[in-house]
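The lines below spell out each chain.
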Amino acid sequence: MTPLQDGRIINLMEPGHTGCAGCGQAIGARLVLKAAGPRVIVANATGCLEVYTTTYPRSSWEVPWIHSLFENASAVASGMEVTLKAMGRYEDVRIIAQAGDGGTADIGMGCISGMFERGHDILYVCYDNEGYMNTGYQRSSLTPPGARTTTSPPGPMSWGNKTRKKNVPLIAVAHGVPYVATATPAEPRDLMRKVKKALEIEGPKYLHLLVPCVPGWGIESELSVEIARLAVETYLFPVFEIEDGMITKVKKVKERKPIEEYLRPQKRFAHLFKPGGEPILEELREIAEENSRLQPGPAVLFGRT
Amino acid sequence: MRVMLEGSRAVAEAVRLCRPNLVCAYPITPQTHIVEDLSQMVADGRLDAGYVLAESEFGAASIVLGGSAVGGRAYTATSSQGLLLMAEVIFNIAGLRLPVVMTCANRAVSAPINIWNDQQDAVSIRDSGWIQLFVEDNQEAVDTHIQAFKIAEELMIPVMVCMDGYVLTHTWEPVDLPEQDEVDRFLPLYSPAYRLDPDDPFTMGSMVGPDAYMETRYHVHMDMMEARAVIRRVCEEYSETFGRGGTGVIDTYDTKDADVVLVSMGSVLGTMRDAVDELRDEEGLKVGLIKVRCFRPFPTGAVHDAIKEAQTVGVIEKDISLGLEGTLCSEMRAAFCGEESPEISSFIMGLGGRDITKGDIKQVARDLASNPACRVEFRGLREDLMDGDER
Ligand SMILES: Cc1ncc(C[n+]2csc(CCOP(=O)(O)OP(=O)(O)O)c2C)c(N)n1
Ligand code: SF4
Ligand SMILES: [Mg+2]
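For clarity, every value in this text was computed on a predicted model and none was experimentally measured.

**Student:** Sorry, what's going on with the domain arrangement of chain B here?
**Tutor:** Residue and element names in this part refer to chain B. By domain assignment, chain B separates into domain 1 (2-242) and domain 2 (250-385). For domain 1 versus domain 2, the separation of C-alpha centres amounts to 27 Å. Residue-level contacts link 29 residues of domain 1 with 27 residues of domain 2. When domain 1 packs against domain 2, close to 2,200 Å² is buried across both sides, 49% of that on carbon and sulfur atoms.

Here is the structure:
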């Protein structure tokens, strides 16, 4: 099947998959592929996206696509890149490695570090839905403070997840990755521009997408894009670009929203609005505040104080 | 060309002759010299391949998986802890039907940590769907690597060439290295039936549920069973071209009239041949020997036929399925499947680099001749470390 129709590229990740209605990751992946075009090879980690797009014998992918394991998409992609170059078949092909937040920030970190450090010409996309959704919404190191997951449940002794999000974009920067950016499906044009830009840069690229998860976050399907927008407008998810270690672009929100507007519609934060939840809300406010102060200039650690 | 080379170097030269597109590994004793030699060849311009310095064995196995999936000829090497760290990828490579070739420089497995030779590493990964070929000397290591790529690519099944760490990898022996043009004729460029290619997109590594998973496993199994014939044929072709290396799945030595048959894998077989000669010449014992070269797929029929007349069989092996017996021994027994079989005993020897002497081997044969009954025994244990263990 040709991905071109009337000269226009249409869905390289086709609908008809078994993902939840409103899955932020599905929207994100479709946009990534749309921007990347048909001359890519994708290495996908285990996770929701992999499972719901390739239930045998069906596949949503109109590009060559491989799934090996949960934690090795970056390494599989590294092998593809080096081999295609060695065989002289690399010229008009680009390689994308993609995984969820768990496959990226936790179990896949070693292979990703190797891919970054060796300088492979690969775009790595992290679809961050802030938990291990495929296995039933467990906590990852990208789950935000206070969030309820099935392994960070609130209870008399707990207010949910205790830790802050690992700063994976800065981990990429620390490896000397020349292009690092964040985006959300709420701004498709911005997301696609970043994919295109990344693919024009030689070397490793890291794109971190916040992608709401309907059941995992406890939101209505039709709200998923709106929730992504609110994450940006509350500054709980900062949107930026870092080129060669310098923050070159930061999304400035026109009308900053209080964090509650983002948190309230999500069941995973409901317990924070009960008596005693205020300190966690305050911590989230501090994180948003710190994110809002991001400025163009040298990329330094943020979101940890 | 006959040259004096260290085993690792001989393997590196054989791999170079196979023109891999991708070499990727992570250092671990006693595999290190192989990958050092290959990186030197790349640096010297003698080998035109992508060479990736992986961050771990897990990464290395994943990298060769990727290289193979885009249609490259891919090679890696490891040992022991490295092989176990690769385990998840090892199964995956086989399930994806990618014809990767690996050298496993056999080494003991931790704990206790031990860098010396036994075969626990490769044996522990036997169910992964890789063809496993155990070599006896460095010439066979050279020949088997060249055969391995051909076997793997014909069957789309990965091949692991297992060679005893140190005993072979670090030993200098004269080896005959084939000429490049001969190897090129024997092993044409790899052209896979399917690979990841934007001109012909396809999906590799789907989620397969209860409706079809079993059939995919069935097909891999049947192809593995078939592989025994392919291995035999490729080895015959090889020996027609190169005048050696014709041993397919097993080799037999003096088994025809033997009452006692000894069985093993790898480098100890040389010593065992000498032991058999001496037992026959000096003690009049009718002893024979089987070399299991292909451990997976298991050469059930060949093994069965080779020992069915024997009274008793002693399997000398450098691995143990803790809580049972030596694994090779179990599989020898399974070859009889309810049929009346000779007594088959398990002798666990040479773990973690413990020497297996000709004397030890002869004693096993003598003991079996006087008492053929089936048993499981450790041989060569140090009395002073037994603390009066009376079991
Ligand atoms: C080695 C290994 N450990 C655990 C799993 C089980 N597992 C599969 S997907 C997954 C979570 C995926 O989380 P993430 O990467 O965030 O992707 P998501 O499903 O949330 O999109 C887990 C734990 C596995 N497949 N492999
Ligand atoms: S569980 Fe979440 S990530 Fe998975 S398909 Fe549903 S919405 Fe998407
Ligand atoms: Mg996730």
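On we go.
**Student:** Is there a simple way to explain the sheet that holds strand S12 (residues 287-292) of chain B in this structure?
**Tutor:** Across a sheet, strands are paired by hydrogen bonds formed along the backbone, either parallel or antiparallel in direction. All names here are of chain B. Strands sit in the order S10-S12-S11-S14-S15-S16 across an open sheet of 6 strands; the sheet is mixed. One side of each edge strand has no neighbouring strand; the edge strands of this open sheet are strand S10 (250-253) and strand S16 (376-378). With strand direction ignored, the average angle separating the axes of adjacent strands in the sheet is 20 degrees. Summarising the sheet, strand S11 (residues 260-264) and strand S14 (residues 312-317) pair through 4 bridges and their orientation is parallel.

**Student:** Sorry, what's going on with a nonpolar patch on the surface here?
**Tutor:** Together, Tyr218, Met222 and Met225 of chain B line one region of the surface with nonpolar side chains, adding up to about 280 Å² of accessible area. Along the chain, methionine 225 of chain B falls in helix H8 (residues 213-242).

**Student:** Explain the pairing of strand S3 (residues 50-53) of chain B here, please?
**Tutor:** The side chains of a regular strand alternate between the sheet's two faces. Residue and element names in this part refer to chain B. Here S3 shows a clear split, with Gly50 and Val52 buried on one side and none of Tyr51 and Leu53 buried on the other. Taken together, the 4 bridges between strand S2 (residues 22-25) and S3 define a ladder with parallel strand orientation. Of the residues in S3, the one forming a bridge with cysteine 24 is valine 52. Assessed by its sense of winding, the connection that carries the chain from S2 through helix H2 (residues 32-43) to S3 is right-handed.

**Student:** What exactly am I supposed to notice about the site of ligand 1 here?
**Tutor:** For ligand 1, the set of nearby residues contains 18 residues, the closest of which are Cys48, Asp101, Gly102, Gly103 and Gly131 of chain A. The environment of ligand 1 is shared, with nearby residues belonging to chains A and B. In the environment of ligand 1, an oxygen atom lies 2.9 Å from a nitrogen or oxygen atom belonging to the side chain of aspartate 101 of chain A. Note that an oxygen atom of ligand 1 is positioned 2.9 Å from one of the backbone N or O atoms of methionine 133 of chain A. Out of a free accessible area of 590 Å², ligand 1 has 78% covered by protein chains.

**Student:** Explanation requested: the nonpolar core in the structure shown.
**Tutor:** Side chains of a nonpolar character, in soluble globular proteins, are inclined to be buried together. Core analysis: the largest hydrophobic core is formed by 145 residues, its most contacted members being Ile66 and Met80 of chain A together with Tyr75 and Ile131 of chain B. Residue assignment places this core across two domains, with domain 1 (2-242) and domain 2 (250-385) of chain B each supplying three or more. The next biggest cluster of nonpolar side chains, apart from the first, holds 32 residues, and it includes Leu49, Ala183, Leu191 and Val195 of chain A.

**Student:** How should I be thinking about the interface of chain B and chain A in this particular structure?
**Tutor:** One frequently used descriptor of interface size is the decrease in accessible area upon assembly of the parts. Listed as interface residues are 39 residues of chain B and, on the opposing side, 38 residues of chain A. Summed over both sides, the interface between chain B and chain A buries roughly 2,800 Å², with carbon and sulfur atoms accounting for 64% of that surface. Put simply, chain B and chain A have 2 salt bridges between them. For the side of chain B that touches chain A, the secondary structure elements donating two or more residues are S3, helix H3 (57-69), helix H4 (80-95) and strand S9 (203-204) of chain B. The element best represented in the side of chain B that touches chain A is H3 of chain B, accounting for 8 residues.

**Student:** Before we go on, may I ask you to explain the pattern of salt bridges in this structure?
**Tutor:** Close approach of charged atoms allows side chains of opposite charge to pair. Residues and elements named next belong to chain A. What the rule picks out here adds up to 56 salt bridges over all chains. In this structure, lysine 165 engages glutamate 130 in a salt bridge whose closest nitrogen and oxygen atoms are separated by 2.6 Å. One end of the pair, lysine 165, is in the loop between strand S8 (158-159) and helix H6 (168-174); the other, glutamate 130, is in the loop between strand S6 (122-128) and strand S7 (154-155), with 35 residues separating them in the sequence. Residues joined in a network through salt bridges with shared partners are Asp190, Arg193, Lys194, Lys197, Glu241 and Glu243.

**Student:** Sorry if this is basic, but what is going on with the site of ligand 2 here?
**Tutor:** All names here are of chain A. Around ligand 2 sit Gly19, Cys20, Cys23, Gln25, Cys48, Tyr52, Asn129, Cys213, Val214 and Pro215, and those are all the residues in its vicinity. Every element with two or more residues in the shell around ligand 2 is listed here: helix H2 (48-53) and helix H8 (214-217). Along the lines of polarity and charge, the residues of the shell around ligand 2 split into 7 nonpolar, 3 polar and no charged.

How each quantity is defined
Residues numbered from 1 in each chain as written. Chains lettered and ligands numbered in written order. Predicted model: local features only at pLDDT ≥ 70, side-chain atom pairs only at ≥ 80, totals over all residues. Heavy atoms only, no water. Domains from an automatic or database assignment. Contact = heavy atoms within 4.5 Å. Buried area = accessible area lost by both parts, 1.4 Å probe. Pairing = 2+ DSSP bridges. Helix = DSSP H or I, 4+ residues; strand = E, 2+ residues; numbered from the N terminus. Axes fitted to C-alpha atoms, helices over the stretch in contact; angles between N-to-C directions. Patch = residues over 30% accessible without salt bridge, like charges linked within 9 Å, V, L, I, M, F, W, Y side chains within 5 Å. Areas by Shrake-Rupley, 256 points an atom, 1.4 Å probe, with all protein chains shown as cover. Salt bridge = Lys/Arg side-chain N within 4 Å of Asp/Glu carboxyl O. Buried < 20%, exposed > 50% of the residue type's maximum accessible area, 1.4 Å probe, protein only. Right-handed = clockwise from strand over helix to strand, strands pointing away. Near = heavy atom within 4 Å. Polar contact = N/O pair within 3.5 Å; in protein donor to acceptor, adjacent residues only side chain to side chain. Core = buried A, V, L, I, M, F, W, Y, C linked by side-chain atoms within 4.5 Å. Nonpolar A, V, L, I, M, F, W, Y, C, P; charged D, E, K, R; others polar.

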